[in-house]
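Topology and contacts: notes
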Amino acid sequence: MVNILAADLMEKNGTSPSRQVKEKYARGIVSLFPYLRDPFSRTGHEHYYYGESGTGYLAWRIKTIQRSTARDKRSSYGGTSREDGLGGPAARRETQFVPESVLSEDECKEAIALMKHCPDEDTIKKKMKLTFDFRRNMVLDPQQSSNVLSLFPRFKDVKGLVEQDFVLMFGEDVSGKFLEKWTTAFKKKIIQQCRKLPSTSELENLLLAADNPEDGTEVDDNIGTNIQEHLDSITSSAQPYLLALGRNKKTVHQFFVILDKNAISCRSASALGAFDELFKVHYVFATTYNPMLYNMFTFIQTTVYNIDVGKVKESPRVA
């Protein structure tokens, strides 16, 4: 409904419709459909359009169309679609890390060379901490970011390096929020909200998995497949995702985050812990969220981790 009305509104009133027009459409929605009125707001239609802040479902849909149109124009003139914005994984930010000493360029190169073949994990973690600033500058440079895992390959086999970099960025308190708060403060409420959504086969499968976490359904796609075969089968780059190894869902014994045809071994063997690491990989490598999952990741970012609250654009539902 919102998509149809936003398209009609912009067709009749141009790409930048006035506040009065948007308020008229919002009032029309709750007038025609009284059950869509918000009983806790002043006029009842603010969640569709709130003139004072320019927010609401209609406003966000119109802005999405405007951004899409602008992006298409930039692309046609050879522009870039990378948007760092004010917050999120790709934003430049002040980190929590204060180095004990600053490495010279030669010392940094020496540390990087040492880590590639060093067998001692404590030494690797120490050197990774010393090269953190160098790595952050590299990650945030579009010309160099794709080479980070080539220069720092120990991310792939030394567990805990993603966690260490995330802690250096945000501190221990922020890093621990998801695992501390998810089960006690969020899980039950989110499942309750999901039960109110229109039923689909995908939603029913997710709710079934939430009700029966020990389900032993076979994971046929991974049986007889090794990690390298999976990486070789990747034909296009995409945002990071989780790969689980095991005979079935009940006996998954290892998780990996797949990023740019590289497998980063997760420290945790639980799905909850692996998702925590997946979220952190976005920040450690300045990788944007999957567009299909943007609202979900933004909810985790702002509501659970409390990162960049007020700096990122949230959909009305997330807000």
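Per chain, residues are indexed from 1 in the order of the written sequence. Only residues with pLDDT of 70 or above have their local features reported here, since the model is predicted, and side-chain atom pairs are shown and tallied only from 80 upward, although totals for entire chains, interfaces and linings are computed over all residues. To obtain the side-chain values, all non-hydrogen atoms of the structure were included, while hydrogens and water were left out.

Points about the overall build of the protein
Just so we agree on the cut-off: Secondary structure is summarised from DSSP: a helix means a run of H or I of at least four residues, a strand means a run of E of at least two, and numbering begins at the N terminus for each. With a 1.4 Å probe rolled over the protein chains alone, any residue whose accessible area is under 20% of its type maximum counts as buried; one over 50% counts as exposed, and the rest are partly exposed. Whether two residues touch is decided by their heavy atoms; if any such pair falls within 4.5 Å, the residues are in contact. Methods summary: accessible areas were calculated by the Shrake-Rupley approach with a probe of 1.4 Å, and residue burial reflects only the protein chains presented.
The helix and strand tally for the protein stands at 14 helices and three strands. Expressed along its principal axes, the backbone C-alpha trace of the protein runs to roughly 70 × 50 × 40 Å. Evaluated residue by residue, the protein yields a buried proportion of 38% over its 319 residues. If you take every contact in the protein between residues at least 6 apart in sequence, the share linking residues at least 24 apart comes to 56%. Surface accessibility of the protein: about 19,200 Å² in total, with carbon and sulfur atoms responsible for 52%.

Description of the layout of surface pockets
Worth spelling out the cut-off: Residues are called lining when one of their atoms sits within 4 Å of a cavity or pocket point, these points coming from a 1 Å grid over the protein atoms alone, where a cavity is a set in which a 1.4 Å probe fits but cannot get out and a pocket is an open set with protein on both sides within 12 Å along at least five of seven lines. Grid points are joined across faces, edges and corners, and a volume is the space filled by probe spheres set on the points. In this classification, Asp, Glu, Lys and Arg are treated as charged, Ala, Val, Leu, Ile, Met, Phe, Trp, Tyr, Cys and Pro as nonpolar, and every other residue, Gly included, as polar.
Here the second largest pocket is characterised by a volume of approximately 480 Å³. Forming the walls of the second largest pocket are 18 residues, and the residues nearest its centre are S145, S146, D260, F285 and T287. Considering every element that reaches the lining of the second largest pocket, the biggest residue donor is helix α7 (residues 148-151), with three residues. Across the lining of the second largest pocket, the residue classes break down as eight nonpolar, eight polar and two charged.

Some points on empty space enclosed by the protein
Throughout the structure, instances matching the rule amount to two cavities of 30 Å³ or more. What the largest cavity holds in volume is close to 50 Å³. Taken together, F155, V158, K159, G160, L161, V162, V257, I264, S265, C266, E277 and V281 form the lining of the largest cavity. For the lining of the largest cavity, a count of residues per class yields eight nonpolar, two polar and two charged. In this structure, the second largest cavity occupies an estimated 30 Å³ of space. Surrounding the second largest cavity, I112, M115, K116, M128, L151, F152, P153 and R154 form its lining. Considering each element in turn, the lining of the second largest cavity owes the most residues, three residues, to helix α4 (residues 105-117). By residue class, the composition of the lining of the second largest cavity is six nonpolar, no polar and two charged.

Focus on the side chain of N262
Our working rule: Polar contacts, as counted here, are pairs of nitrogen or oxygen atoms within 3.5 Å of one another; within protein the pair requires one atom able to donate a hydrogen and one able to accept it, and residues that are adjacent in sequence qualify only if both atoms are side-chain atoms.
Relative to the helices and strands, N262 is located in strand β3 (residues 262-265). Classification of N262 by relative accessible area gives buried; the value is 17%. A polar atom in the side chain of N262 sits 3.3 Å from the side chain of K156. Each residue touching N262, except ones within four places of it in the same chain, is listed here: L149, K156, L231 and V257.

Overview of the domain arrangement of the protein
Applicable threshold: The split into domains, and so the bounds of each, comes from an automatic or database assignment of domains.
Taken domain by domain, the protein consists of domain 1 (1-70) and domain 2 (169-217 + 225-304). Here domain 1 and domain 2 have C-alpha centroids that lie 33 Å from each other.

Focus: the packing of α4 against helix α5 (residues 121-130)
For clarity, the threshold we go by: Helix axes are fitted to C-alpha atoms over the stretch in contact, other axes to C-alpha atoms as well, and angles between N-to-C directions run from 0 to 180 degrees. The cut-offs work like this: below 35 degrees is roughly parallel, past 145 is roughly antiparallel, 65 to 115 is roughly perpendicular, and the gaps in between are oblique. Left-handed describes a crossing whose near helix is turned anticlockwise from the far helix through less than a right angle; right-handed describes the clockwise counterpart.
Two numbers describe how α4 lies on α5: the axes approach to 10 Å, and their chain directions differ by 150°. Of the possible angle classes, the one that applies to α4 and α5 is roughly antiparallel. Crossing angle aside, the handedness with which α4 passes α5 is left-handed. Seen from α4, the contacting residues are A111, L114 and M115; seen from α5, they are T123, I124, K127 and M128.

Here's the deal with the sheet that holds strand β1 (residues 241-246)
Selection criterion: Between any two strands, pairing holds if DSSP finds at least two bridges.
Across the sheet, which stays open at both edges, the three strands sit in the order β1-β2-β3 with antiparallel pairing between neighbours. Taken across any chain shown, the strands that pair with only one partner, and hence form the sheet edges, are β1 and β3. Each neighbouring strand pair of the sheet contributes to a mean axis angle of 35°, computed without reference to strand direction. When strand β2 (residues 252-259) meets β3, the two strands line up antiparallel, connected through four bridges. Each bridged residue has a counterpart across the sheet, and for F256 the counterpart in β3 is S265. Each of β1, β2 and β3 is contacted by helix α13 (residues 271-284), which is oriented at about 10° to β2, the strand it contacts most.

Re α4
Note the cut-off: Arc definition: it is the arc formed by the directions from the helix axis to the C-beta atoms.
Along α4, the positions that sit buried rather than exposed are C108, A111, I112 and M115. Along α4, the residues classed as buried sweep out an arc of 100° about the axis, all on the same side. Away from its buried face by more than 90 degrees, α4 exposes D106, K109, E110 and H117. Contacts from the buried residues of α4 go to α5, α6 (132-139) and α7.

Quick word on the nonpolar core
Applicable threshold: Here, nonpolar core refers to any group of buried Ala, Val, Leu, Ile, Met, Phe, Trp, Tyr and Cys residues whose side-chain atoms link them within 4.5 Å.
Core analysis: the biggest nonpolar cluster contains 46 residues, and F155, F166, F279, F285 and Y305 have the highest contact counts within it. It is α13 that contributes the most residues to this core, seven residues altogether. For F279, the residues in contact, after removing those within four places along its chain, are F166, Y289, F297, I300, Q301, Y305 and I307. Formed by 14 residues, the second largest nonpolar core is a distinct cluster that contains L9, V21, A26 and I29.

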